[in-house]
Amino acid sequence: MQYRELKIGGAWEITPVTFGDERGLFLEWFKQATFREATGRSLESAQANCSVSAAGVLRGIHYADVPPGQAKYVTCVSGSVLDVVVDLRVGSPTFGQWDSVLLDTADRRAIFLSEGLGHGFLALEDNSTVMYLCSTPYAPDREHEVNPLDPEIGIDWPVVGRDGSPLEYELSAKDRAAPTLAEARTAGRLPLL
């Protein structure tokens, strides 16, 4: 596996080595020993999630209260998504900045996000299936969101899908109503570094 730290501290892109032959392919999408060596920490998985999205579905930006926070290890097993990490940690030198990784079935990359970072993704084709390991279980009373279309964050979401057709963003009611980064900060809802 190859690890590349993103411009947001605490986030990594992981590219697995794939072994293929006429039968198909094999890869390790997570391995604790190499993960620990690259990131300096372990990932205890308390929950595994799966979401399936149509092209244009935009999920996030989601985060959990710190402590304990929720670290995520994310990959796309079918289709393709632009996966985005946003630094929501007040006091971080990269606060409010974002970075992204294309997750698809060509490179079969994964992304790891430490506690305190925001996470979102845009499905670039129908039936995009995202799997993720979470360090803590879902707890609705400590889960929050920031609007993924907030111009202050300025995420450059794709406007066309993998097939070249225009994307119409489809957000949940909760994500559409999410506060901006400034509103969440003013309300004291963001993690502190």
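All residue numbers refer to positions counted from 1 along the written sequence of the respective chain. Totals for whole chains, interfaces and linings use all residues, but because this is a predicted model, local features are given only for residues with pLDDT of at least 70 and pairs of side-chain atoms are given and counted only at 80 or more. Excluded from the side-chain calculations are hydrogens and water; all other atoms, namely the structure's heavy atoms, are used.

- Where an unreviewed UniProt entry is consulted, the protein appears under the name dTDP-4-dehydrorhamnose 3,5-epimerase, with the organism given as Rhodococcus coprophilus.
- UniProt positions are given in the numbering used here, feature names are shortened, and annotations may be inferred rather than shown by experiment. In UniProt, the protein has this text filed under Catalytic activity (unreviewed entry): "dTDP-4-dehydro-6-deoxy-alpha-D-glucose = dTDP-4-dehydro-beta-L-rhamnose".

## Re the layout of surface pockets
1) Next: Volume-wise, the largest pocket comes out at about 440 Å³.
2) Next: Only protein atoms enter the 1 Å grid used here. Points where a 1.4 Å probe fits but cannot escape make up a cavity, open sets with protein on both sides within 12 Å along at least five of seven lines make up a pocket, and a residue lines them when an atom lies within 4 Å of a point. The wall of the largest pocket is formed by 25 residues, among which Arg59, His62, Lys72, Tyr132 and Tyr138 lie closest to the centre.
3) Next: Counting only elements with at least two residues in the lining of the largest pocket, the list comes to β5 (47-53), β6 (58-64), β11 (117-123), β12 (128-134), β13 (143-145) and α2 (173-176). Grid points are joined across faces, edges and corners, and a volume is the space filled by probe spheres set on the points. Put simply, DSSP marks the helices as runs of H or I at least four residues long and the strands as runs of E at least two long, and each gets a number from the N terminus on.

## What to know about a nonpolar patch on the surface
1) Next: Without a salt bridge and with relative accessible area above 30%, a residue can belong to a patch; like charges are then joined within 9 Å and nonpolar side chains (Val, Leu, Ile, Met, Phe, Trp, Tyr) within 5 Å. To be clear on the numbers: accessible area is Shrake-Rupley with a 1.4 Å probe, and residue cover counts the displayed protein chains and nothing else. The salt bridge criterion pairs a side-chain nitrogen of Lys or Arg with a carboxyl oxygen of Asp or Glu, the two atoms within 4 Å. Together, Leu149, Val159, Val160 and Tyr169 make up a nonpolar patch on the protein surface, roughly 340 Å² of accessible area in all.
2) Next: Its relative accessible area of 31% is what places tyrosine 169 among the partly exposed residues. Think of it in three bands: with a 1.4 Å probe and only protein chains considered, a residue is buried below 20% of the maximum accessible area for its type, exposed above 50%, and partly exposed in between.

## Focus: the environment of glutamate 5
1) Next: Looking at the element boundaries, glutamate 5 is found in strand β1 (residues 2-5).
2) Next: Given the relative accessible area of 43%, glutamate 5 is considered partly exposed.
3) Next: Should any heavy atoms of two residues lie within 4.5 Å, those residues are considered in contact. With near-sequence residues (within four places) excluded, glutamate 5 lies in contact with Gly10, Ala11 and Trp12.
4) Next: There is a polar contact of 3.4 Å between the side chain of glutamate 5 and the backbone nitrogen of glycine 10. Polar contact criterion, stated in full: a pair of N or O atoms within 3.5 Å, where within protein one must be able to donate a hydrogen and the other to accept it, and residues adjacent in sequence count only if both atoms are side-chain atoms.

## Some details on the side chain of histidine 144
1) Next: Its place among the elements puts histidine 144 in strand β13.
2) Next: By relative accessible area, histidine 144 is classed as buried at 7%.

## Section: the pairing of strand β10 (residues 110-113)
Put simply, side chains in a regular strand alternate between the two faces of the sheet.
1) Next: Alternating residues of β10 divide into Ala110 and Phe112 and Ile111 and Leu113, and every residue in both groups is buried.
2) Next: Relative to β10, strand β2 (residues 11-15) runs antiparallel, the two sharing 4 bridges. Residue pairing in the sheet places alanine 11 in a bridge with leucine 113 of β10.
3) Next: Any two strands with at least two DSSP bridges between them are considered paired. Pairing analysis gives 4 bridges linking strand β7 (residues 72-78) to β10, with the strands arranged antiparallel. For lysine 72, the partnering residue across the bridge sits in β10 and is leucine 113.

## Section: the sheet that holds β13
1) Next: The sheet built from 5 strands is open, its strands ordered β9-β8-β11-β6-β13 with antiparallel pairing. Every interior strand has two partners, whereas the edge strands, β9 (98-104) and β13, have only one. Taking each pair of neighbouring strands and ignoring which way they run, the sheet shows an average axis angle of 25°.
2) Next: Sheet topology note: the strand β8 (residues 80-87)/β11 ladder contains 7 bridges and is antiparallel. Its bridge partner being in β11, valine 85 is matched across the sheet by histidine 119. Convention adopted: a line fitted to C-alpha atoms gives each axis, helices being fitted over their contacting stretch, and angles between N-to-C directions are expressed from 0 to 180 degrees.

## Regarding the UniProt feature "active site" (unreviewed entry) in the protein
1) Next: UniProt's entry tags His62 and Tyr132 with the feature "active site" (unreviewed entry), counted in the numbering of this structure. The annotated residues occupy 71 residues of the chain but converge on a single region, no pair of C-alpha atoms lying more than 13.5 Å apart. None of the other annotated residues line the largest cavity; only His62 do.
2) Next: As for its placement among the helices and strands, histidine 62 is situated in strand β6.

## Let's talk about the environment of aspartate 21
1) Next: Within the element layout of this structure, aspartate 21 appears in strand β3 (residues 18-21).
2) Next: On the basis of relative accessible area, aspartate 21 is assigned to the partly exposed category, the value being 34%.
3) Next: Put simply, aspartate 21 and lysine 72 are 51 residues apart on the chain and 31 Å apart in space, counted from C-alpha to C-alpha.

## Digging into the nonpolar core
A general tendency of soluble globular proteins is for nonpolar side chains to be buried together.
1) Next: Counting 21 residues, the largest nonpolar core has Val86, Leu88, Val146, Ile153, Ile155 and Leu190 as its most contacted members.
2) Next: Secondary structure elements with two or more residues in this core: β6, β8 and α3 (181-186).
3) Next: Those residues in contact with valine 86, other than ones at most four positions away along the chain, are Ile61, Gln97, Trp98, Leu117, Gly118, Ile153 and Ile155.
4) Next: In these notes, a set of buried Ala, Val, Leu, Ile, Met, Phe, Trp, Tyr and Cys residues joined through side-chain atoms within 4.5 Å is what counts as a nonpolar core. Counting 17 residues, the second largest nonpolar core, distinct from the first, contains Val81, Val101, Leu117 and Val130.

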